[in-house]
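The residues making up each chain are set out below.
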Amino acid sequence: MGVYHALQGNYDEALTYLNRATDIFPYFVEAHFNKGTVFQKKLDIKRMLNAYQTVIEIGDPQDDTVKHAQDILQGFERHLLKDGNTTLDSYLKGQDVFEQAFEAMNNSKWEQAISLFQQCTGYCP
């Protein structure tokens, strides 16, 4: 059902089913890969990267799905290195700090938000 909804463009509904599948069976490589694809469609890059990393962590390195996830992550990191001299790990850490900064900003904690946004540039200029 997750794939069906993803193909229909109903990404939130797709994630409901895919999350349910991975909750039931955390080693369901294809479901994690499909979550990565849905997050990519939603432009949720951090969750996309995390989903593909999970595929690589739990899957068989010889599996085509795992190889595809590796290709996607390697391509993304090549892009980061070329355009900003940033590694994938640094990008993800920067995203975590950015989310904290954004939350501080939304809570009118201006000094904290500014400090955290400035920290972001250290991870991903």
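Calculation rules
- Residues numbered from 1 in each chain as written.
- Predicted model: local features only at pLDDT ≥ 70, side-chain atom pairs only at ≥ 80, totals over all residues.
- Heavy atoms only, no water.
- Helix = DSSP H or I, 4+ residues; strand = E, 2+ residues; numbered from the N terminus.
- Buried < 20%, exposed > 50% of the residue type's maximum accessible area, 1.4 Å probe, protein only.
- Contact = heavy atoms within 4.5 Å.
- Areas by Shrake-Rupley, 256 points an atom, 1.4 Å probe, with all protein chains shown as cover.
- Lys, Arg positive; Asp, Glu negative; His and termini not counted.
- Charge placed at Lys NZ, Arg CZ, Asp CG, Glu CD.
- Phe/Tyr/Trp six-rings, centres within 6.5 Å; stacked < 30°, edge-to-face > 60°.
- Axes fitted to C-alpha atoms, helices over the stretch in contact; angles between N-to-C directions.
- Parallel < 35°, antiparallel > 145°, perpendicular 65-115°, else oblique.
- Left-handed = near helix turned anticlockwise from the far one by under 90°.
- Nonpolar A, V, L, I, M, F, W, Y, C, P; charged D, E, K, R; others polar.

### Quick look at the overall build of the chain
Here is step 1 of the chain: A count of helical and extended segments in the chain gives 7 helices and 0 strands.
Here is step 2 of the chain: Written out in order from the N terminus, the α and β elements of the chain read α-α-α-α-α-α-α.
Here is step 3 of the chain: For the chain, with 125 residues in total, the buried portion stands at 34%.
Here is step 4 of the chain: Within the chain, residue pairs in contact and separated by at least 24 positions form 39% of the contacts whose partners lie at least 6 positions apart.
Here is step 5 of the chain: Accessible surface, the chain as shown: approximately 8000 Å² in total, 51% of it carbon and sulfur.
Here is step 6 of the chain: Side-chain charges of the chain comprise 11 positive and 17 negative groups, with the mean position of each set lying 3 Å from the other.

### Some words on the packing of aromatic side chains
The relation between two aromatic rings is expressed through the spacing of the ring centres and the mutual angle of the planes.
Here is step 1 of the chain: All chains considered together, the criterion is met by 5 aromatic pairs.
Here is step 2 of the chain: Ring plane angle 70° and centroid distance 5.5 Å describe the contact between Phe76 and Tyr91, whose orientation is recorded as edge-to-face. With Phe76 in helix α5 (residues 64-84) and Tyr91 in helix α6 (residues 88-106), the pair connects residues that are 15 residues apart, well separated along the chain.
Here is step 3 of the chain: Members of the aromatic cluster, joined through ring pairs, are Phe98, Phe102 and Phe117.

### Description of the packing of helix α4 (residues 45-58) against α5
For any two helices packed against each other, one specifies the crossing angle of their axes together with the interaxial distance.
Here is step 1 of the chain: Here α4 crosses α5 at 140°, and the two axes come no closer than 8 Å. One element, α4, and the other, α5, form an angle in the oblique class. Crossing geometry of α4 relative to α5 is assigned as left-handed. Taking contact as the criterion, the partners of Ile45, Met48, Leu49, Tyr52, Gln53, Val55 and Ile56 in α4 are, on α5, Thr65, Val66, Ala69, Gln70, Ile72, Leu73 and Phe76.
Here is step 2 of the chain: Across the contact of α4 with α5, the residue classes tally to 11 nonpolar, 3 polar and no charged.

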